[in-house]
Amino acid sequence: MIRYISIIILLILTSGLYAQKPDSTGNTIKQWTLSSDFTEEVIVPFDTVFSLFHRYRHTDRYSFANASLGNYGLPFYQLNFFDRVTDPDKFLYNYYYPLMFVPDRVLFMNTQVPFTEVVWTYGTPTTTSEQTFRIKHSQNVNRNLNFGVVYDIVFSLGQYNYQRSEDKAATLFSSYTGDRYKMYFSTGLNNIISLENGGITDSSQLGQFVPREVQVNMGDPNKARSTLKNRNFLLVQQYKIGGVSDSKVDTVTGKKAGFMGLSGTFSHIFTFENNRRSYSDNSPRSGFYDSAYINSQFTFDSLSERTVKNTLRFDFLTNPTRKFRLGGGFGIRNEFMKYSQIIPTHDTMFADTASWKRISNAVLGKLFNNIGDNFRWLATGELFLTGYRAGDFRIEGEIAKSFDWNKGKASWVAYGSMLNTQPSFWYGQWGGNHFEWSSIPEKEFRINLGTKFSYPARKAELKFDYSIIDNYTDFNTMALPEQHSGALSVAAVTVSKELKAWKFHLNSDVLFQQSSNSNTLDLPFVTVRSAGFFEHLFKFEQTNGALNLQVGADVTMHSSYYPYAYMPATGRFYRQERVKSGNYPFLNAFINIKIKRTRAFLMFDHVNSGMTGYDYFMIPTYPMNIRMFRYGIAWTFYN
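Residues numbered from 1 in each chain as written. Predicted model: local features only at pLDDT ≥ 70, side-chain atom pairs only at ≥ 80, totals over all residues. Heavy atoms only, no water.

## A closer look at the packing of aromatic side chains
Overall, the coordinates contain 49 aromatic pairs when judged by the stated rule. Between Phe314 and Phe330 the ring centres are 6.1 Å apart and the planes differ by 55°, which places this aromatic pair in the tilted class. Residue Phe314 is located in strand E13 (residues 299-317), and its partner Phe330 is located in strand E14 (residues 324-344); the two are separated by 16 residues in the primary sequence. Judged by its relative accessible area of 19%, Phe314 falls in the buried class. Ring-pair connections join several aromatic residues into one group, and the members of that group are Phe91, Tyr339, Trp356, Phe425, Trp426, Tyr427, Trp430, Trp437 and Phe475. The residue whose ring lies beneath Arg57 is Tyr72, and the NZ or CZ to ring-centre distance is 4.8 Å. Note that Arg105 overlies the ring of Tyr97, its terminal NZ or CZ placed 5.4 Å from the centroid. (Phe/Tyr/Trp six-rings, centres within 6.5 Å; stacked < 30°, edge-to-face > 60°. Helix = DSSP H or I, 4+ residues; strand = E, 2+ residues; numbered from the N terminus. Buried < 20%, exposed > 50% of the residue type's maximum accessible area, 1.4 Å probe, protein only. Lys NZ or Arg CZ within 6 Å of the ring centre and 35° of its normal.)

Here you go:
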């Protein structure tokens with residue numbers, strides 16, 4: 001694996017070293033993603049961030065604190081309740097979502113020059129190494145047409161037996177942004193393999209043996225593994241009518257052609273996803289599971305889900321040169337879903353297969369208003385009229401205000417939503433060698449409210465979230481689906497701030513959250529991630545070069561609570577009331593370096609391993625990795 005990655009890096013370096021130029025060339029790179037309804041471009045700042053580069057994991061960028069099985073690339077969930085992925089269509093991969101390329105996570109680009117980025121990290125020693133590798137390339141054919149590709153690998157052998165993760169994700173994307181016609185295209189392939197060891201048998205062994213000698217619940221007899229394959233496709237086509245071209249602006253009045261400068265956009269949005277999950281076990285009667293409904297000699301559970309969505313809509317906007325700008329849209333969407341799964345027959349050796357087809361139809365709407373450049377409001381909604389999701393609805397709203405202060409812009413946003421949602425099909429239907437259930441869950445009703453104040457110039461952000469949930473759906477202590485019939489409320493406050501004194505920095509994220517019913521949903525009251533470091537820019541006059549350096553340490557810690565346990569056969573986290581985790585600091589010591597467009601880091605991960613006890617569990621029976629030396633490097637080339 002290392003050899004192949006090294007060859008790729010050398011080839012890229014050979015072709016890119018001669019093309020690397022200073023940032024002063026003026027080359028522009030535009031990045032954006034699409035809004036949740038796929039109708040608007042949402043600008044994403046171009047990221048070659050040097051600060052805290054050692055935080056290289058995609059999971060930690062999505063949410064700053066996560067509970068994992070110890071090895072990167074295995075299933076995990078976000079400690080912040082409001083960061084968790086709850087979309088029913090993402091049920092099969094919600095514990096891998098930040099690692100995958102799916103339609104709502106596509107990042108498009110437009111570049112004046114070809115752009116290439118390579119990021120590689122490695123954790124020692126070789127026998128239990130963790131490697132990540134990403135290569136991204138994008139270039140324009142002409143001013144409007146762009147193509148790009150990203151290939152991402154997480155390959156980690158794991159410190160404990162049968163804990164290997166192998167995640168491979170790739171996406172091909174393209175965009176055409178003309179004055180009247182726009183097209184956005186992407187296709188993604190995600191292959192995820194997770195070896196399942198069922199956790200360790202005795203935590204007292206952590207202080208006596210090296211990780212590979214600690215006994216696990218499912219080892220060589222089982223050779224259990226989970227496999228997830230995702231294939232997806234996105235195609236968005238838009239055609240504008242009305243005053244859309246800058247060439248039509250009146251040079252005297254500044255007004256655009258058309259009635260009151262009104263422009264409209266017809267859109268067709270097509271998405272396709274195919275997910276397949278399988279679980280295999282060579283020794284289902286080894287003692288980890290209580291029952292075997294299909295075969296006592298071998299387990300091979302398999303299920304699949306296919307989703308096709310077609311949306312037609314029309315959106316309009318008044319003259320964007322006016323101070324008062326009003327816009328909106330409406331449309332219809334058809335959803336086709338096919339579910340397939342093994343059904344136990346309790347015949348000890350045989351199982352049946354079954355499939356279900358579901359069709360739903362929804363109407364969509366949007367209305368927004370921008371007043372000047374510093375105030376706006378937005379309301380969106382959808383209502384399912386017929387089919388499987390009939391009665392589901394979603395209403396969302398947002399009000400935003402910007403402030404021009406001495407140090408730069410500050411912003412305040414208030415947002416809220418009301419959702420009535422049919423839980424995932426898999427909460428109501430499941431079949432396998434060790435688990436089966438069949439029920440019709442009630443619709444889950446949620447009201448979400450929140451507000452956020454952000455002041456980038458001061459590197460400060462304050463956020464408050466509150467949610468009321470009826471028919472909250474998750475997995476109980478028996479690892480079976482369950483709905484909480486009463487109302488459940490959750491509140492959270494997140495504070496992010498970087499303090500600076502001379503060249504010393506303290507970058508902190510603090511989360512406070514509370515659930516109204518800890519028996520149904522338990523959360524750590526306090527979660528902290530904080531990094532303290534010294535930063536200095538070295539300048540070399542003789543070579544006209546510069547080196548930026550950060551040296552420091554960071555800590556992640558949360559208060560005690562009952563975390564979820566993990567069930568390999570279903571790949572789901574479920575409630576447990578036996579073991580608490582928390583009040584354990586995970587300390588890292590790091591050095592970050594940047595020279596021109598090259599970034600690198602050196603890090604001792606979990607440097608306090610064995611010094612502050614052995615309660616380093618985020619999930620019961622799944623210890624985190626012990627001390628590990630990691631390093632990584634990123635190259636960025638603009639030809």
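## Describing the sheet that holds strand E2 (residues 41-43)
Taken together, three strands build an open sheet; the order of strands is E2-E1-E5 and the sheet is antiparallel. Looking along the sheet, the strands with just one partner apiece sit at the ends: E2 and strand E5 (108-111). Across the sheet, the mean angle separating the axes of adjacent strands is 35° when strand polarity is ignored. Two strands pair when backbone bridges link them, and strand E1 (residues 29-34) and E2 are joined in this way by three bridges, in the antiparallel orientation. Among the inter-strand pairings, Thr33 is bridged to a residue of E2, identified as Val42. (Pairing = 2+ DSSP bridges. Axes fitted to C-alpha atoms, helices over the stretch in contact; angles between N-to-C directions.)

## Some points on the side chain of Asn420
Locating Asn420 in the fold gives a position in strand E18 (residues 408-421). Here Gly391 takes part through its backbone oxygen, which lies 3.3 Å from a polar atom of the side chain of Asn420. (Polar contact = N/O pair within 3.5 Å; in protein donor to acceptor, adjacent residues only side chain to side chain.)

## With respect to the confidence of the model for the protein chain
When the pLDDT values of the protein chain are averaged, the result is 91; 92% of them are 70 or greater. In this model, residues 1-26 is a region of pLDDT below 50 whose contacts with residues beyond four sequence positions or in other chains number 33 contacts. Here residues 244-258 scores under 50 on pLDDT; set against residues more than four positions off or in separate chains, the count is 22 contacts. (pLDDT = per-residue confidence, 0-100. Contact = heavy atoms within 4.5 Å.)

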